[in-house]
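Breakdown of the fold
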Amino acid sequence: MPSDDPLSRERAHLADSRAALRSMREDVQSLDIRDVTANWVNAEVLTRQIDERIKALADLSHTPLFFGRLDYLHAPGAEQAEGAEGERFYIGRRHVHDAGGDPMVIDWRAPVSQPFYRASKKTPLDIALRRRFGYTGGDLTAYEDEHLSDPAETAGTSKLLQQEIERPRVGPMRDIVATIQPEQDEIVRSGLGGTVCVQGGPGTGKTAVGLHRVAYLLYAHRDRLARTGTLVIGPNASFLHYIEQVLPALGELEVKQATVADLVAHVEVRGADEAATAVLKGDARMAEVLRRAVRAHVTLPTEQVVVVRGSRRWRVPEYELTAIVQELLDRDIRYGAARDALPQRIAHAVLVQMERAGEAPDDRVQDAVARNPAVKAAVKAIWPPVDPAKLVFRLLSDADFLALHAEGVLSEDEQETIRWAKPVRSVKSVKWAAADAVLIDEATDLVQRTHSLGHVVLDEAQDLSPMQYRAVGRRCTTGSATVLGDLAQGTTPWATRSWEEALAHLGKSEAVVEELTAGFRVPTDVITYASRLLPHIAPGLAPVASVRENPGFFEVRAIRETAADTTAAAAEVIAACEELLAREGSVGLIAADGRVPGLAEALAKAGVSHLAPGEETTASARLTLVPASLAKGLEYDYVVLDEPRAVVDGEPDERTGLRRLYVTLTRAVSGLIVTHADALPAQLEG
Ligand SMILES: Nc1ncnc2c1ncn2[C@@H]1O[C@H](COP(=O)(O)OP(=O)(O)OP(=O)(O)O)[C@@H](O)[C@H]1O
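Cut-off values and rules
- Residues numbered from 1 in each chain as written.
- Predicted model: local features only at pLDDT ≥ 70, side-chain atom pairs only at ≥ 80, totals over all residues.
- UniProt positions renumbered as here; feature names shortened; annotations may be inferred.
- Helix = DSSP H or I, 4+ residues; strand = E, 2+ residues; numbered from the N terminus.
- Pairing = 2+ DSSP bridges.
- Axes fitted to C-alpha atoms, helices over the stretch in contact; angles between N-to-C directions.
- Contact = placed C-beta atoms within 7 Å.
- Domains from an automatic or database assignment.
- Nonpolar A, V, L, I, M, F, W, Y, C, P; charged D, E, K, R; others polar.
- Near = placed C-beta within 6 Å.
- Buried ≥ 20, exposed ≤ 12 C-beta atoms within 10 Å, placed from the backbone.
- Right-handed = clockwise from strand over helix to strand, strands pointing away.

**What about the UniProt feature "domain: UvrD-like helicase ATP-binding" (unreviewed entry) in the protein chain?**
Annotation from UniProt places "domain: UvrD-like helicase ATP-binding" (unreviewed entry) at residues 179-532. Between the end C-alpha atoms of residues 179-532 the distance is 29 Å, and the span holds 50% helix and 11% strand.

This is the structure:
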């Protein structure tokens, strides 16, 4: 093999790096922990860590070990001193070093890798050469060079980058490390201290950016985040399933995932609210009602406490008790923490008296006094325990109790709207609605501080109510967040109107709002068509500009449907799916929720097998039947969108309907067929 042709040299470096990775893995596998661990608990922990390290060092045949190379003009870090030598780095998903400890591949998150994403002809960042590698089935088959510091070379668009963007989608979401764009990289690498909010239209890479930011933060602040934890919040289980492979592919196995409902699952949700009720229950004013209701459990003392010890009686007079209680009420501590502190405060008052009487009591005496039945009884009367679910139960069932705490906060009509129409017998027989669980979570936090994580990524944030933002916010009070969303895709009755407002509810008003407008998913013709809806659903938002070169495939197909002949119409929808299945990649048939059962039946009759959203598409099962309500965040190479009118009519109001339509129109990567028997919504007419 001629070793001086550049491609051969790069392939040789790949082979050497693979071998080095193999020996790194073998080194870990051969670790003998028997000598270093004295007990089995340590051994178990260590074994788990070693197993994880082995997993992280796996050489995945379908993900290239490196995807880029940087040749620096000078040694990085060295002041650009004359004669300083340039260095060469291969950029990949993880760090690989040779037997001598010299790096063969550098982690994409390392500072020296950053120019791979940021350098340009205008700001070359000391880079002489940026090389991108192309792979075919695990083999390094191509490369592409940019001489960033060479004034003679003109900047062009990268073919490999374009190919990566155009690559057909099969299976779950994948990482974008090889092609993160400069404006995305700025978000990915922004510091752990600050919260970032990203507004971006469909397919601008918000989800991808959020996941890569966690991976970056875990690299840059591994110890701190390992202690405090990280969490990715998504709208539903099928969405979480779709994105769950991305972080493990980047070597990060520890990030938890949840929906907002999972976070607040204090009670089983078995009921549903009318929209108006849910909107009110999700209103931030409910936090004030709950705060008042919790505090109202405190009753100022009406009598002294008498503690009998041996032959002595110690009295804490009412005025002194009142002062203690008042001081606890004035302090910014949780109801439960104050309740825990109260017996010790009373005991302390007793101890002061003992000392005055010439005794010398120690801490054990104070503890004993705190546990004295008289003190316990006083605490129970003054500061009784609060059960959050029972509290919410009482607010929603007891008109007087609600009126007392909602006075001046909710109008009488509003109080009536949130109260249960029919009396509910006990807290056990309540059919809790989703918004109730969020109220219970708020009440729980008033009693006991919620544990805060180090970093939270909140995806599809635009659908959260103010109370849900608060629930997420208390899970990152001492940490930071990445908030991702698109105001035009808000489809809940309480959808976010402005990011400033949302961030205030989250408790992160200081966050910066960034906007992404380059679209990596939807082809130009399709996004142009969908953007016709923007003035009606989110006036003021800039339309997405597709960066895809492939113009894509787009067709609006009128089909005939009469009441008597729905089968023939379904047959035409299925024919459209089959047309698209003849191409490479995944196909989604998206329809109004109400039409999904009929289409499922028609597909079964026609012998066309299909999956549900969240189920993995494979080379042999490529068609997914997607209810419009679950389409958010997902993407397919080709989409058949069934009956736009029905998608709009499936929602309680037209604006929400048009937003749902906007979501469903923007799921396709390579092509879209819209089939309709009914007239199209007027807003789609150009
Ligand atoms: N820099 C990039 N290089 C290659 N592909 C990218 C890049 N950024 C995003 N993509 C791809 O574009 C598609 C859309 O990305 P993503 O789902 O993150 O967008 P989104 O903004 O969250 O969309 P939505 O608003 O519809 O949820 C994904 O397939 C993603 O991998």
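**Comments concerning the sheet that holds strand β7 (residues 196-200)**
Within a sheet, each strand pairs with its neighbour through backbone hydrogen bonds, oriented either parallel or antiparallel. Read across the sheet, six strands follow the order β9-β8-β12-β13-β7-β14 without closing on themselves; strand pairing throughout is parallel. In this open sheet, the two strands that pair with only one neighbour each are β9 (256-258) and β14 (512-516). Recorded for the sheet is a direction-independent mean angle of 15° between the axes of neighbouring strands. Pairing analysis gives four bridges linking strand β8 (residues 230-233) to strand β12 (residues 455-458), with the strands arranged parallel. By the bridge assignment for β12, Leu 231 is matched with Val 456.

**Overview of the UniProt feature "binding site: ATP" (unreviewed entry) in the protein chain**
According to UniProt, the feature "binding site: ATP" (unreviewed entry) maps to Gly 200, Gly 201, Pro 202, Gly 203, Thr 204, Gly 205, Lys 206 and Thr 207 in the numbering used here. Examined against the element boundaries, Gly 203 turns out to sit in the loop between β7 and α6 (206-220). If we ignore the near neighbours within four places in the chain, the residues touching Gly 203 are Gly 519, Phe 520, Arg 521, Val 522, Val 544 and Thr 666. As for its position among the elements, Gly 205 is in the loop between β7 and α6. In this view, Gly 205 contacts Ile 176, Gln 184, Leu 516 and Phe 520; residues no more than four positions away in its chain are not counted.

**What to know about the domain arrangement of the protein chain**
Looking at the protein chain, the domain boundaries give domain 1 (6-156), domain 2 (196-265 + 450-519), domain 3 (305-382) and domain 4 (524-684). Distance from the C-alpha centre of domain 2 to the C-alpha centre of domain 4: 27 Å. Each side of the interface is counted separately: domain 2 has 24 residues, and domain 4 has 25 residues. By residue number, the principal contributor to the side of domain 2 that touches domain 4 is helix α8 (residues 237-243), which donates five residues. Across the side of domain 2 that touches domain 4, the residue classes break down as nine nonpolar, 13 polar and two charged.

**Topic: the site of the ligand**
The ligand sits among 22 residues. The nearest are Thr 179, Gly 205, Lys 206, Thr 207 and Phe 520. Those elements giving two or more residues to the shell around the ligand turn out to be α4 (159-166) and α6. Split by residue class, the shell around the ligand holds six nonpolar, 11 polar and five charged. Split by domain, the shell around the ligand shows at least three residues from each of two domains, domain 2 (196-265 + 450-519) and domain 4 (524-684).

**Considering the pairing of β12**
Both faces of β12 are covered, namely the face carrying His 455 and Val 457 and the face carrying Val 456 and Leu 458. Judged from the four bridges that link them, β12 and strand β13 (residues 480-485) form a sheet pairing that is parallel. Each residue of the ladder has a partner; that of Val 457, found in β13, is Thr 482. As a crossover connection, the stretch from β12 through helix α21 (residues 466-473) into β13 is right-handed.

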